[in-house]
Amino acid sequence: MLSLIIFVPLLGAGLLLFIPGEARARQLALLVTSIDLLLTVQLVFAFDPSTHAMQFQEQAEWIPSLGINYALGVDGISILFVFLSAFLGWICVLASWRAIKQRVKEFMIALLVMQTLMLGVFTALDLFLFYIFWEAMLIPMYLIIGIWGGDNRIYATFKFFLYTLAGSVLFLVGIIALYFQAGETFNILALMKQVPPFEIQIWIFLAFFVAFAVKVPMFPFHTWLPDAHVQAPTAGSIVLAGILLKMGAYGFLRFSIPMLPQATQYFAMPVILLSLVAIIYGGYLALAQNDLKKLVAYSSISHMGFVTIGLFVLNGQGMEGGILQMFSHGIVTSGLFLLVGLVYERTHSRAISDYGGLMKVMPLYTTGLAFFTLASMALPGTSAFIGELLVLVGTFSYNKIIAALAVIGAVLSAAYLLSMFRRVALGQVNNKLQSEIWDLDSREIVAILSLAVFVIWIGFYPGPFLGLMHVSVEHLLEQATASGITR
């Protein structure tokens, strides 16, 4: 089942090589991502949330001389992001329908290959296989930004590539160290049971931390993100914000906390303080932006700070809140980037100062922008509210001062998002742009409503999502407690 979900997009990419015409390329890509999404929905319904054990496992020998296997499986944490990857892959095709006008077939191929690699990351149970998926993602993302990006795309792609490659090199060093410490195995489940000595854990944790912090991205490893977002096409920004940023946090969950528990406890406070800096610093930077995409990019740095705080307070509320915030951020920020991309298609401007009065000429668009603006602010009744509330509850039980300071990020979020909405949607209509603007079409409405459904669902009824992860999170905390970490 997992192999089918992973490789259906790759099969679709192969078929696209033989499909003539741009319209057919779009249609086939939409069909492939729709099939993959349906398979993933079936996987979620078949998942048993009452156990922490890996489900739908597949294993076959790959390189037996090195103990490398083709091993797949999902638990209550990873299944959320398998679904998110398939869902946002479908959204990306819809978002690119009109935005990509040149080399359409090649773009769809890159997008489908990217989806295969993303799904592989969240299902791999062999560390070598995980690293292959993790590292290979650089190639299609490099092409998506470098070929279909903005005017300064070459600079942005090199910066993105160098940052992530530097982190990946350290990740590889840590993997090799773990391999020899655990009796020469790459099996992730076996590695969780082989806790290295504390002195070794420290160095492996630092190597992993840099790799994962670059992906999140955490302060001070964040500077590649705004450039990459601004230059990427809309689908590229959705993938970056919706999935790639989550892979860093997922790395902490899958490797650092269970495999390096004592080092995790040792470094928890520094990581939390860096996350707190990211929340406040990212909020202030977003407040100063005139570029719509940069504003949303810096808001991502701030919101992902809540995720890493939630994970490293090492208690149930914080960790479940952090994971739910990962999922919610993937949905909400994808919605914002989609809306920014749709208006950019019409006006070819991202400058907030160029807009004004969109509510009068694009009422449907403005409704969507208002909804996702409020969702990003964590308004009660939206998905981000549940995630941030749980994180703050968990942080409060860990350290009251840190929890109080983290609230500053929520205040800043309201300030920059409401200011952006006022300047874009209200006031006088910019006559220069008015003739170039038209409201949402049916395809765009479907994409926006599909994202909005999950924002409302989680906001009012988070039980099914928390239920999927609860037992797996409890087991993860038990692994940490067994090695001396206190909740």
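What counts and how
- Residues numbered from 1 in each chain as written.
- Predicted model: local features only at pLDDT ≥ 70, side-chain atom pairs only at ≥ 80, totals over all residues.
- Heavy atoms only, no water.
- Helix = DSSP H or I, 4+ residues; strand = E, 2+ residues; numbered from the N terminus.
- Rg over C-alpha atoms; globule rule 2.2 N^0.38 Å.
- Buried < 20%, exposed > 50% of the residue type's maximum accessible area, 1.4 Å probe, protein only.
- Contact = heavy atoms within 4.5 Å.
- Areas by Shrake-Rupley, 256 points an atom, 1.4 Å probe, with all protein chains shown as cover.
- Lys, Arg positive; Asp, Glu negative; His and termini not counted.
- Charge placed at Lys NZ, Arg CZ, Asp CG, Glu CD.
- Phe/Tyr/Trp six-rings, centres within 6.5 Å; stacked < 30°, edge-to-face > 60°.
- Lys NZ or Arg CZ within 6 Å of the ring centre and 35° of its normal.
- Patch = residues over 30% accessible without salt bridge, like charges linked within 9 Å, V, L, I, M, F, W, Y side chains within 5 Å.
- Salt bridge = Lys/Arg side-chain N within 4 Å of Asp/Glu carboxyl O.
- Core = buried A, V, L, I, M, F, W, Y, C linked by side-chain atoms within 4.5 Å.
- Axes fitted to C-alpha atoms, helices over the stretch in contact; angles between N-to-C directions.
- Parallel < 35°, antiparallel > 145°, perpendicular 65-115°, else oblique.
- Nonpolar A, V, L, I, M, F, W, Y, C, P; charged D, E, K, R; others polar.
- Left-handed = near helix turned anticlockwise from the far one by under 90°.
- Expected span 1.5 Å × (residues − 1).
- pLDDT = per-residue confidence, 0-100.

Quick look at the overall build of the protein chain now. The secondary structure content of the protein chain amounts to 21 helices and 2 strands. Over its C-alpha atoms the protein chain spans a radius of gyration of 21 Å, differing by no more than 12% from the 23 Å that the globule rule assigns to 487 residues. Overall, the protein chain is about 70 × 60 × 40 Å in size when its C-alpha atoms are taken along their principal axes. Burial status across the protein chain gives 61% buried among its 487 residues. Of the contacts made within the protein chain by residues no fewer than 6 positions apart, 82% connect residues no fewer than 24 positions apart. As displayed, the protein chain offers around 17400 Å² of accessible surface, 68% of which is attributable to carbon and sulfur atoms. Side-chain charges of the protein chain comprise 23 positive and 24 negative groups, with the mean position of each set lying 11 Å from the other.

Aromatic ring pairs are described here by two measures, namely the spacing of the ring centres and the angle between the planes. Tallied over the entire structure, the rule returns 42 aromatic pairs. Between Tyr 179 and Phe 180, the ring centres sit 5.0 Å apart and the planes meet at 80 degrees, which makes this aromatic pair edge-to-face. Looking at Tyr 179, the relative accessible area reads 9%, which means it is buried. For the pair Phe 208 and Phe 255, a centre-to-centre distance of 6.3 Å together with 65 degrees between the ring planes defines the contact as edge-to-face. One end of the pair, Phe 208, is in helix H9 (residues 198-215); the other, Phe 255, is in helix H11 (residues 234-259), with 47 residues separating them in the sequence. Assigned by exposure class, Phe 208 and Phe 255 land together as buried. Here the guanidinium or amino end of Lys 400 rests over the ring plane of Phe 396, the centre of that ring lying 5.2 Å away.

Time to look at unusual backbone geometry. Across the junction of Val 216 and Pro 217, the peptide omega takes the value -15 degrees, indicating a cis bond. With an omega of 5 degrees, the peptide bond running from Phe 219 to Pro 220 counts as cis. Tracing the backbone through its elements, the reader meets Pro 220 in the loop between H9 and helix H10 (224-231). A positive phi angle is found at Phe 56, which is not glycine, with a value near 55 degrees. Phi at Arg 103 takes a positive value of approximately 50 degrees, unusual for a residue other than glycine. Take Arg 103: it is sitting in the loop between helix H3 (78-95) and helix H4 (104-123). For Arg 103, a relative accessible area of 52% corresponds to the exposed category.

So, about a nonpolar patch on the surface. On the surface, a cluster of nonpolar side chains totalling about 550 Å² of accessible area is made up of Val 453, Ile 456, Trp 457, Phe 460 and Tyr 461. Inspection of the secondary structure assignment puts Trp 457 in helix H20 (residues 442-460). Relative accessible area serves as the criterion here: at 37%, Trp 457 is assigned to the partly exposed category.

Moving on, we get to the side chain of Glu 135. Here Glu 135 is to be found in helix H5 (residues 127-136). Buried within the structure, Glu 135 lacks any salt-bridge partner; Lys 215 is the closest side chain of opposite charge, at an N-O distance of 6.1 Å. Leave out the neighbours within four places in its chain, and Glu 135 touches Leu 165 and Ser 168.

Counted according to the given criterion, the structure contains 9 salt bridges. Salt-bridge contacts for Arg 346 lead to Glu 444; the nearest nitrogen and oxygen are separated by 2.9 Å. Remark: Glu 444 occurs in helix H20 and Arg 346 occurs in helix H14 (residues 316-347); sequence separation between them is 98 residues. A single burial state applies to Arg 346 and to Glu 444, both of which are buried.

Our focus in this paragraph is the nonpolar core. Residues Phe 87, Leu 127, Phe 171, Met 319 and Ile 323 are the most contacted members of the largest nonpolar core, which totals 175 residues. Among the elements that make up this core, the one with the highest residue count is H11 (16 residues). Ignoring anything within four residues of it in the chain, the contact list for Met 319 reads Leu 253, Ile 257, Gly 310, Leu 311, Leu 314, Val 473, Leu 476 and Leu 477.

For the pair helix H13 (residues 292-312) and H14, the least separation of the axes is 8 Å and the interaxial angle reads 175 degrees. Judged by the inter-axis angle, H13 sits roughly antiparallel to H14. Here Leu 292, Lys 293, Val 296, Ala 297, Ser 300, His 303, Met 304, Val 307, Gly 310 and Leu 311 of H13 come into contact with H14, specifically with Gly 318, Met 319, Gly 322, Ile 323, Gln 325, Met 326, His 329, Thr 333, Leu 336, Phe 337, Val 340 and Val 343. For the contact of H13 with H14, the per-class residue count stands at 13 nonpolar, 8 polar and 1 charged.

Let's shift gears to the packing of H14 against helix H16 (residues 363-376). Taken N-terminus to C-terminus, the directions of H14 and H16 make an angle of 150 degrees; their axes are 9 Å apart at the nearest point. Read as a crossing pair, H14 and H16 show a hand that is left-handed. Seen from H14, the contacting residues are Ile 331, Val 332, Gly 335, Leu 336, Leu 339, Val 340, Leu 342 and Val 343; seen from H16, they are Tyr 365, Gly 368, Leu 369, Phe 372, Thr 373, Ala 375 and Ser 376.

With 18 residues, H3 ought to run about 26 Å at 1.5 Å a step, and its terminal C-alpha atoms sit 25 Å apart, in line with that. Across the 18 residues that make up H3, a large majority, 18, are buried.

Our next topic: the side chain of Glu 444. Given a relative accessible area of 2%, Glu 444 falls into the buried group. If we skip the residues at most four places from it in the chain, Glu 444 touches Arg 98, Leu 342, Glu 345, Arg 346 and Asp 439.

Residues of the protein chain with pLDDT of at least 70 account for 97%, and the chain-wide mean is 89. Ranking the elements of the protein chain by mean pLDDT puts helix H19 (residues 431-434) last with 65 and H20 first with 94.

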